[in-house]
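Given next are the chains, with one letter for each unit.
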Amino acid sequence: MKRFLQAAMLFGVLLAGVVVASQAQGLRSVLGTVLPYAAVAVLLVGVIYRVAGVWGRAPVPFRIPTSCGQQKALSWIKPSKLDNPSTTLGVIGRMALEVLVFRSLFRNVRTQLKPGPKLAYVGGWELWAAAMAFHWSFLLIVLRHMRYFTEPVAGFATMLAALDGFFEIGVPTLYVTNVLIVAGLGYLLLRRVFDPQLRMISLAADFFPLLLLLSIVVTGGLMRYFGHTDVASIKELAIGLITFHPVVPAGIGSLFFVHLTLVSVLLAYLPFSKLMHMPGVFLSPTRNLANNNRAERHVNPWNAPVKVHTYEEWEEEFHDKIEACGLPLDKP
Amino acid sequence: MSEKLPKPEELSTVDFRPVDYDWMTAKATFRKGTYSYQAAPKNLKYLGLANPREWSPIDDDWKLPDNWKTIILEGLRERLDKFRSLGLFMDICVRCGACADKCHFYIGSGDPKNMPVLRAELLRSVYRRYFTTTGKMFGALAGARELDVSLLKEWFYYFYQCTECRRCSVYCPYGIDTAEITMLGRELLTLVGCNINWVMEPVANCFRTGNHLGIQPHAFKDNIEFVRDELEEVTGIHIDPPINKKGAEVLFVTPSADVFASPAIYTLMGYMLLFHHIGLDYTFSAYASDGGNFGLFASHELMKRLNAKNYAEAKRLGVKWILGGECGHMWRVMHQYMATMNGPADFLEVPVSPVTGTRFEHARSTKMVHICEFTSDLIRHGKLKLDKSRNDHRVVTFHDSCNPARSVGILEEPRYVLRNVVNQFHEMPENTIREHTFCCGGGAGLGNDENMEMRLRGGMPRGHAVRHVRDAHGVNLLACICAIDKATLPALVDYWSPGVDVGGVHELVGNALVMEGENERTTDLRGDPMATSKGESDA
Amino acid sequence: MHDSGKILAGLVVFGALVTFPVWYHAAWGGPLVKPRLPADLAEKECIAPTAYMREHHMELLNSWRAQVVRDGHRSWTGENGRQWRASLTKTCLRCHANKADFCDTCHSSAGVKPVCFDCHVDPKGKN
């Protein structure tokens, strides 16, 4: 609980600061223009540095895929092409499954010790479902937001909005993704707080992004469903940002600045946090390499000679015993 | 086995719900039965490794070098530069907890630091403190911890409570592999001389004699001939197994336990019968007398030092390709490391089965074929005369060994062989086999007696699964393709599921093989009576 | 084995996605159009202040629909006490006569598709 309280306190301070700042008219140009630019710059530089400058600089010395299915060896045994790929195409398929539908997490099964005693393997799908609900909703919401950043509005944004609002509940129409993201994030946060195992392994840095994301979702939802906001002016601000003619039109509610500032914090925080799993998953050597080890040799750039015990040394050491037992000698 | 071992019912009351446990401050307690003894100085000296000395994990003073902290941190920096996996796995874990209850040691012990996520956090917390800005700035708040002796002791305790089985990496959404973290963690410990003897003695032996048991060439020959004689007694077939024969077509490399320890020797009998049956031109090597490689459990360097002999010997003997016996971690090394470390093997030829003509394209670079691949190809082509009913006294289940399953993907080959040599085969529950398979609890150098309680705890999931098929189907043989399994599973099965034996797949092949000129077989290779029904109907 | 090419390609894609609006606008972008009203208006004041209407008109229209269609109640009182007929066609469209010039400018730039004209007729338009 200690680490949750730490994270909650830290986040509370941040949120309070943002709320206070959003009230000050004088700070609006900072929150509405300077901060978003800075955040995107930090995001780009930070991600590129970590991926290319840190991870990418270190080589992959060995090919160590985790094989999660039958290998390709004998022609008449059907290989598991996606869970144990032997070709680049298979690897692309495996990575696609991993990135798009969280293949590995889908395997999650909870281990329970039942009376007997006996071990049972049950459930465990909730984590996968919540992760899918959150990540996919998040992606779709980001894509939907492109209606603010494109003029004329990009076709995909309109289409997604129509799909997302398919049920036409209420005015403005309720987006399914908004419900799912709250449910997903809520579950992910609650399990960390209330499951003793999860709470024990969680760091402040695990609670913080969840709280941040939830507040972004909540402020966004408040604007759409409850407080309402002047969408036309927000669009003006957004287009100003991306055309590098930043403007902060009058009449935008302070809630919007809270929302925007939290998003800026998220973008700038990402490169320094565990959220780097987003680019990181693509680089994982247990997933992104083909299990063709015995067919194609993998080269290790720092493969250095090591001290070995050669046959000659071995034969010399055991010469008499080898001779006595009648095994052949190279140097009799 | 120690007398103080708790009963299975007691071991099975594991509490998974830690209350008020703070992993960042909790220290490792070295309780008898749950840790392995320190490496003897002679072994470290022989290998030229750091800080050979008399010490014990339960001592307060571990007699570390004065600058041990610098050595560890420099070692960590070096490895971050050399292994992308390390930096990546340090950075991207989200602590989702999917791995937590996948570790057999956590399931069996309930010790939170046996959750793969926390095992990795032991290293990660140090990484944060010395290699990340947030860790340097915010310390414990950012999950960073000072590297001190008690933390080093945690590393020793928990990195030697991981069998590098890779089960957790199957479930990790980012493929974070605790085996990789444990391997590198143990490498760092090696830099300051904190090793266990059950790893270092075999490594030293293997470096000197060619095999982990330290069998010298004449004794190696004696042992093979002893097994050969036993075999002759059962079957009436006399075999002269070639050793160090130049110009043979195939070099056969198998773990040394196969020539030395029961029940692995019955697997060796199976190999010998098989090779005799098909007239294979092969040779054992007394120099490359162990395919197993405990170097894998200490450092990449030691792994390479031990592995080098295989290609060197294949070259010296002038064989065309290498055939590998039943072994778990050996196959991780042969499949994922050997060609990279000690290849290219351009002096060998792409393996071709001399009996069926099958070209093993999947092994065209490394030039090494797994015995189960080889045998299933023989069976498929109808080249073996088999009498399944000779195994009718056996009701068999198959334990996928961690490394063949999760580092190669040898899942169907052994099953195909088994289905062709036994009539009664039953799978264990699906969450405990194939890529989900559970470790024997004694891999990666942990299969020693002083660590018995931890082995039995780690073996609990496997033990429960065996008990399940024993009770449901009357299973009485747990077949496997790993020498460590054959050494460690008997104790485990006796404890969790008495009445089940452990044996190799090729032992069952040997039972079923109908050899030309053999005696009428009344016993299996172990000398145990076969089922009588067949004999009666024949009579 | 660094796979620099693949990493670089991945980062280029990442950068392109993050900056998508910038280059999308450079390639296909147009100006933001503001809503326009005809010069001669039927009324001097709107039923509610402009700022309120910008944020809440959809709610108001929705409540009008409910009160008229479901309750048959046609009268609505503004904040200053003035009575209005709750009718899109007969009240709003008297001033905001041109749907294309007024409604559509914001709606299309905000990517919103109101359902008003699924039933109502746009007097100046085709439907």
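About the thresholds
Residues numbered from 1 in each chain as written. Chains lettered and ligands numbered in written order. Predicted model: local features only at pLDDT ≥ 70, side-chain atom pairs only at ≥ 80, totals over all residues. Helix = DSSP H or I, 4+ residues; strand = E, 2+ residues; numbered from the N terminus. Rg over C-alpha atoms; globule rule 2.2 N^0.38 Å. Buried ≥ 20, exposed ≤ 12 C-beta atoms within 10 Å, placed from the backbone. Contact = placed C-beta atoms within 7 Å. Pairing = 2+ DSSP bridges. Axes fitted to C-alpha atoms, helices over the stretch in contact; angles between N-to-C directions. Nonpolar A, V, L, I, M, F, W, Y, C, P; charged D, E, K, R; others polar. Domains from an automatic or database assignment. Parallel < 35°, antiparallel > 145°, perpendicular 65-115°, else oblique. Left-handed = near helix turned anticlockwise from the far one by under 90°. Core = buried A, V, L, I, M, F, W, Y, C linked by C-beta atoms within 7 Å.

A. Spotlight on the overall build of chain C. Counting secondary structure elements, chain C contains six helices and two strands. Ordered by position in the sequence, the α and β elements of chain C form the string α-α-α-β-β-α-α-α. Since a compact globule built from 127 residues should have a radius of gyration of about 14 Å, the 22 Å found for chain C marks it as more spread out than a globular shape. Counting only C-alpha atoms, chain C reaches 75 × 35 × 30 Å along its principal axes. Scored against the burial criterion, the 127 residues of chain C give a buried share of 8%. Of the contacts formed within chain C by residues at least 6 apart in sequence, a portion of 61% connects residues at least 24 apart.

B. Structural context of the overall build of chain A. Within chain A, the regular secondary structure consists of 15 helices and two strands. Taken over C-alpha atoms, the radius of gyration comes to 28 Å for chain A, far larger than the 20 Å a tight globule of 332 residues would show. With the C-alpha coordinates aligned to their principal axes, the bounding extent of chain A is approximately 100 × 55 × 45 Å. Burial status across chain A gives 44% buried among its 332 residues.

C. Up close: the sheet that holds strand β6 (residues 477-480) of chain B. All names here are of chain B. Sheet architecture is open: three strands sit in the order β5-β6-β7, paired in parallel fashion. Edge strands, defined here as strands with exactly one partner in the open sheet, are β5 (396-399) and β7 (501-504). The sheet shows a mean angle of 35 degrees between the axes of neighbouring strands, taken without regard to direction. Bridge count between β5 and β6: four bridges; the pairing is parallel. The residue bridging Phe398 from the neighbouring strand is Ala479, located in β6. This element, helix α23 (residues 505-512), spans β5, β6 and β7 of the sheet and lies at about 80 degrees to β7.

D. Seen up close, the interface of chain B and chain A. Taken together, the contact between chain B and chain A spans 95 residues of the former and 82 residues of the latter. Considering each element in turn, the side of chain B that touches chain A owes the most residues, seven residues, to helix α15 (residues 300-317) of chain B. Across the side of chain B that touches chain A, the residue classes tally to 44 nonpolar, 24 polar and 27 charged.

E. Layout of the domain arrangement of chain C. Domain boundaries in chain C define domain 1 (1-29) and domain 2 (39-127). Spacing between the C-alpha centres of domain 1 of chain C and domain 2 of chain C amounts to 43 Å.

F. Just the pairing of strand β2 (residues 118-122) of chain A, in detail. Residues and elements named next belong to chain A. Relative to β2, strand β1 (residues 110-114) runs antiparallel, the two sharing five bridges. Its bridge partner being in β2, Leu113 is matched across the sheet by Leu119. Linkage of β1 to β2, two consecutive antiparallel strands, is achieved through a turn of three residues, within which Gly116 is found at a positive phi near 145 degrees.

G. Fine view of the sheet that holds strand β1 (residues 250-253) of chain B. Residues and elements named next belong to chain B. Pairing in this open sheet of four strands is parallel, and the strands run β2-β1-β3-β4 from one edge to the other. Looking at the sheet topology across the chains shown, the edges are occupied by β2 (282-283) and β4 (368-370). Of the strand pairs in this sheet, β1 and β2 are connected by two bridges, and their pairing is parallel. Opposite Leu251, over in β2, you have Thr283 as the bridge partner. Where helix α17 (residues 371-380) meets the sheet, its contacts fall on β3 (321-324) and β4, and the angle it forms with β4 comes to roughly 70 degrees.

H. View of the packing of helix α1 (residues 2-23) of chain A against helix α10 (residues 204-226) of chain A. Residues and elements named next belong to chain A. Running from amino to carboxyl end, α1 crosses α10 at an angle of 40 degrees, the nearest separation of the two axes being 8 Å. Considering their axes alone, α1 and α10 lie oblique with respect to each other. Between α1 and α10 the crossing geometry is right-handed. Two secondary-structure elements touch here, α1 through Arg3, Phe4, Gln6, Ala7, Ala8, Leu10, Phe11 and Leu15 and α10 through Ala204, Phe207, Phe208, Leu211, Leu212 and Ser215. For the contact of α1 with α10, the residue count by class is 11 nonpolar, two polar and one charged.

I. How the structure looks around the interface of chain C and chain A. Taken together, the 29 residues of chain C in the interface contact 40 residues of chain A. Those elements giving two or more residues to the side of chain C that touches chain A turn out to be α1 (4-18), α2 (20-28), α3 (50-70) and α5 (103-110) of chain C. Residue classes in the side of chain C that touches chain A are distributed as 13 nonpolar, 12 polar and four charged.

J. Fine view of the arrangement of the chains. When the two pairs of chains in contact are compared, the highest contact count belongs to chains A and B. Where chain B comes nearest to chain C, the C-alpha atoms are still 9 Å apart, and the two do not contact one another.

K. Looking closely at the nonpolar core. Counting residues in hydrophobic clusters, the biggest one holds 254 residues, and the most contacted among them are Val203 and Leu418 of chain B. For this core, the element with the most residues is α10 of chain A, which contributes 11 residues. When residues of this core are assigned to domains, at least three fall in each of domain 1 (50-194) and domain 2 (204-531) of chain B. Apart from residues lying up to four places away in sequence, Val203 of chain B is in contact with Leu47, Phe294, Gly295, Ala298, Leu302 and Leu306 of chain B.

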